[in-house]
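A structural walkthrough
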Amino acid sequence: MLKSVEGFYRNGKVELLESMPPNTQGKVIVTFLQPGATDLAAKGIDAAQAADLRQRLSTFAEDWDQPDMDVYDAD
């Protein structure tokens, strides 16, 4: 059986966005998606809303990109 699970690659580790059963193990394939590959429509965000969010949040980008800010990425 194949199962796809979204996640993030950070600090040399893959972090899944979905819990797996406790004893799950096996081979995996990790595919790195291009930035912007998120299906905004599936999340209820149209192109105009996305553009507005990008513009408003861009003022924080310099701070977010600092190496010491990675600590806030953990869930």
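Below, the structure is looked at part by part. (Residues numbered from 1 in each chain as written. Predicted model: local features only at pLDDT ≥ 70, side-chain atom pairs only at ≥ 80, totals over all residues. Heavy atoms only, no water.)

1. Quick look at the overall build of the protein
The cut-off we apply is this: To qualify as a helix, a DSSP run of H or I must reach at least 4 residues; to qualify as a strand, a run of E must reach at least 2; elements of each kind are numbered from the N terminus. Only protein chains enter the accessibility calculation, which uses a 1.4 Å probe; a residue whose area is less than 20% of its type maximum is buried, one above 50% is exposed, and one in between is partly exposed. Here the open area of atoms and residues is found with the Shrake-Rupley method and a 1.4 Å probe, where only the protein chains shown may cover a residue.
Helix and strand counts for the protein stand at two helices and two strands. Structurally, the protein occupies a C-alpha span of about 45 × 30 × 20 Å along its principal axes. Per-residue burial over the protein gives 3% buried out of 75 residues. Accessible surface computed for the protein: about 7,400 Å², of which carbon and sulfur atoms make up 55%.

2. A closer look at the pattern of salt bridges
Two side chains with opposite charge may pair up if their charged atoms get near one another. Just so we agree on the cut-off: What counts as a salt bridge is simple: a side-chain nitrogen of Lys or Arg found within 4 Å of a carboxyl oxygen of Asp or Glu.
One pass over the full model with this rule turns up three salt bridges. Note that Lys-3 is salt-bridged to Glu-18, the shortest N-O span being 3.0 Å. Placement of Lys-3 in the segment before β1 (7-10) and of Glu-18 in the loop between β2 (13-16) and α1 (47-57) is noted, with a sequence separation of 15 residues between them. Its relative accessible area of 37% is what places Glu-18 among the partly exposed residues.

3. Here we look at the packing of aromatic side chains
Basically, it comes down to this: Whether two aromatic rings pair depends on their centres lying within 6.5 Å, for rings of Phe, Tyr and Trp, where Trp uses its six-membered ring; planes under 30 degrees apart make the pair stacked, over 60 edge-to-face, and the rest tilted.
Within this structure, the stated rule accounts for one aromatic pair. Between Tyr-9 and Phe-32 the ring centres are 5.6 Å apart and the planes differ by 80°, which places this aromatic pair in the edge-to-face class. You can see Tyr-9 sitting in strand β1 and its partner Phe-32 sitting in the loop between β2 and α1, a full 23 residues away along the chain. Residue classification places Tyr-9 among the partly exposed residues on the basis of a relative accessible area of 47%.

4. A word on a nonpolar patch on the surface
To keep it simple, the criterion reads: Patches draw on residues past 30% relative accessible area with no salt bridge. Two like charges within 9 Å are joined, as are two nonpolar side chains (Val, Leu, Ile, Met, Phe, Trp, Tyr) within 5 Å.
Judged by side-chain polarity, Tyr-9, Val-14, Leu-16, Met-20, Val-28, Val-30 and Phe-32 come together as a nonpolar surface patch covering roughly 700 Å² of accessible area. Mapped onto the secondary structure, Val-30 falls in the loop between β2 and α1. Relative accessible area serves as the criterion here: at 43%, Val-30 is assigned to the partly exposed category.

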